[in-house]
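# Results of the structural survey
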Amino acid sequence: MSFRIRCLDCGHETPYHPLTINCPQCKSQWREALYDYDQAAAAFTQELPQRRFDLWRYREVLPIQKPNYDLYMGEGGTPLIRAINMGMMLGCPNIYIKDERQGPTASFKDRQAALTIAALKEAGITELVAASTGNVAISYSAYAARAGIKLWAFVTSLVPAVKMREIALYGSQVVKVTGSYDQVKQIAAEFAQQRGLYHDMGTRTITSVEGMKTIAYEIAEQLTEQLGKPEDGSRWRTPDWYIQSVSGGLGPVGVAKGFREMKDMGFISKIPGTIAVQAHGCAPMVHAWKEDKEQAAPVQNPKTHIETLATGTPGRSYGLLRREMKTHGGVFESVTDEEAYRAMHVLAKMEGISAEPASAVAFAGLFKLIRAGIIKNTDLVVVNCTGHTMPAEPLVLGSGWARNVVLPQQQEAQEKTEEEGLLAALSRVAPDRFPRVAIIDDTLDARRLVRRILQSQGEFTIFEASNGREGLEIVQRELPDLIILDLMMPEMDGFAVLDALKASPNTAEIPVIVSTAKELTGEEKSRLQGQIQALMQKGDFMSDDFLEEVKTLLK
Ligand SMILES: *Cc1c(COP(=O)(O)O)cnc(C)c1O
Ligand SMILES: [Zn+2]
């Protein structure tokens, strides 16, 4: 395929190679991919109807030699869903949801990952470094695993543990950095440079922008399929607005490029407005926009629990989006975490779509802008929706799946600005705050079942032991709020564990639920009398009684 890279600053053109990150002429890292658009338009006209609906259907405008279906996992081709109930509620009937949850790892980062990893594979590169607020690393990890490429995933320590575990599950090396996301990016870049490794650079990564733009192509095709050809005679229909929650701004930068290309090829007549929604506690672009500034001042201490959106330094992405908005319409807006959670609930209740909080930010922005009259009731709106909920199995990994990096200055800075809330936020996400439950059972399946039931009902810190002796040690060390104890176990049975617990003042008062598969004799029952809070028969675990019991005992 024929493509080249043009420098956004001096216009110099070069061939593409993933390891070349600057313009050779002016050293700028801001470049974009160009294609033979006549050839692409001809290919699209002829071949699109026969091609399957995935990201590679737009191969003539992607920076790879050829699609590598060995790595394929269903990237792209996500549904465009009309939000009928929500539309009715908001008095805005033409709201469409681009359901990026249905990508291979449930976020729109799959587009960027699929394309980047395919390009690296083509170039024979076997290792890469990426800084991430979670979803990028998950997505890259999945594709890297398929491609046999090693990923060093640098994440902030605020990234939820399930996401970190998922990254580790795919075999990537998690490097957990105690610091802001901007600092994480910095040390990831330094690490990559030291080792001469390929390094993802967000909006400056050609393949990332190009991956995101496929969202625009799909939206145009899908709207046309659902609503028919536009009245003005052009080939594809476009929305009035594309709305996305924004951290580094990669998504909307890519999407806007997609629409521009379609317009240049004569496929569409109108480029939609771009709406970028940020979390209120980390909204550098919104501040700059409202003050009509050309550059966004960094937010040093992001104050949002929505870690995915914690890019404090937007850099040049802001300028690119601002120009886009000034040319084709659009705004930056921000919403609070609470508004996002509320929107998340509304979306789930009204449309059956469970989004992650970061995506809910876009929906909260939609609500706000409809109320403000910026989005008109007759406008056609497409909202990017991603939702990442898969919990990874901690047990599969064992311990030692992350390496910790504590940046000393950041630690001090945090201590000095305690009122800034970062420390408070940290203590809120730290597992210590969750009820602590020890599960002592020699059957793995039984432990897993209990854990699943507990996790389905909220957050717990769970300790597991596979025999009585180990269980006793864990209880003595961790002093949990509740113990779930099996009776028949090797090494030390449940009765002996109970005796030992009751013998020590530290552990005597911890409530115990005995779960057993065994029919108890009268003598055994009387042995348990007064020693435990509840007795559950195995096989009965799905009953609500179990959860009720747990909740009551934890109060
Ligand atoms: C990455 C991500 C964002 C932010 O996207 P950018 O285009 O990089 O600003 C928003 N929501 C979700 C769910 C994400 O994964
Ligand atoms: Zn240049």
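Preceding this section is the structure that the text describes.
Residues numbered from 1 in each chain as written. Chains lettered and ligands numbered in written order. Predicted model: local features only at pLDDT ≥ 70, side-chain atom pairs only at ≥ 80, totals over all residues. Heavy atoms only, no water.

### A short note on the site of ligand 1
For ligand 1, the set of nearby residues contains 18 residues, the closest of which are Lys109, Asn135, Ser247, Gly249 and Gly251. A distance of 3.3 Å separates an oxygen atom of ligand 1 from a polar atom in the backbone of leucine 250. Between ligand 1 and glycine 251 there is a distance of 2.6 Å, counted from an oxygen atom to a backbone nitrogen or oxygen. Protein chains shield 95% of the accessible area of ligand 1, which is 380 Å² for the free molecule. Contributing elements (two or more residues each) for the shell around ligand 1: β10 (241–245), α8 (250–264) and α12 (357–371). Broken down by element, the residue count for the shell around ligand 1 peaks at three residues, all from α8. Tallied by class, the residues present in the shell around ligand 1 amount to six nonpolar, 10 polar and two charged. (Near = heavy atom within 4 Å. Polar contact = N/O pair within 3.5 Å; in protein donor to acceptor, adjacent residues only side chain to side chain. Areas by Shrake-Rupley, 256 points an atom, 1.4 Å probe, with all protein chains shown as cover. Helix = DSSP H or I, 4+ residues; strand = E, 2+ residues; numbered from the N terminus. Nonpolar A, V, L, I, M, F, W, Y, C, P; charged D, E, K, R; others polar.)

### Overview of the packing of aromatic side chains
Taken as a whole, this structure holds 13 aromatic pairs when the rule is applied. Taking the centre distance of 5.3 Å and the plane angle of 40 degrees together, the rings of tyrosine 318 and phenylalanine 332 count as tilted. Taken together, the residues tyrosine 318 in helix α10 (residues 316–328) and phenylalanine 332 in strand β12 (residues 330–335) connect sequence positions 14 residues apart. Taking the relative accessible area as the measure of exposure, phenylalanine 332 reaches 1% and is therefore buried. By way of ring pairs, the aromatic residues Phe44, Tyr58, Tyr217, Trp236 and Phe267 are connected into one cluster. (Phe/Tyr/Trp six-rings, centres within 6.5 Å; stacked < 30°, edge-to-face > 60°. Buried < 20%, exposed > 50% of the residue type's maximum accessible area, 1.4 Å probe, protein only.)

### Examining the pattern of salt bridges
Within the structure shown, the criterion is met by 31 salt bridges. The salt bridge involving aspartate 99 is made with arginine 101; its shortest N-O contact spans 2.8 Å. Aspartate 292 is the salt-bridge partner of lysine 326, the closest N and O atoms lying 2.9 Å from each other. Residue lysine 326 is found in helix α10, and its partner aspartate 292 is found in the loop between α9 (284–290) and α10; the two are separated by 34 residues along the sequence. Look at aspartate 292 and you get partly exposed, because its relative accessible area is 46%. Several salt bridges converge on common partners, so that one network encompasses Lys98, Glu100, Arg111 and Glu218. (Salt bridge = Lys/Arg side-chain N within 4 Å of Asp/Glu carboxyl O.)

### Section: the packing of helix α3 (residues 109–122) against helix α4 (residues 135–147)
Where α3 meets α4, the closest approach of the two axes is 9 Å, and the angle between their N-to-C directions is 40 degrees. When the axis of α3 is compared with that of α4, the two are oblique. Considering how the two elements wind past one another, α3 and α4 form a crossing that is right-handed. In contact with Lys109, Asp110, Gln112, Ala113, Ala114, Thr116, Ile117 and Lys121 of α3, α4 contributes Asn135, Val136, Ser139, Tyr140, Tyr143, Ala144 and Ala147. Partitioned by chemical class, the residues of the contact of α3 with α4 number eight nonpolar, four polar and three charged. (Axes fitted to C-alpha atoms, helices over the stretch in contact; angles between N-to-C directions. Parallel < 35°, antiparallel > 145°, perpendicular 65-115°, else oblique. Left-handed = near helix turned anticlockwise from the far one by under 90°. Contact = heavy atoms within 4.5 Å.)

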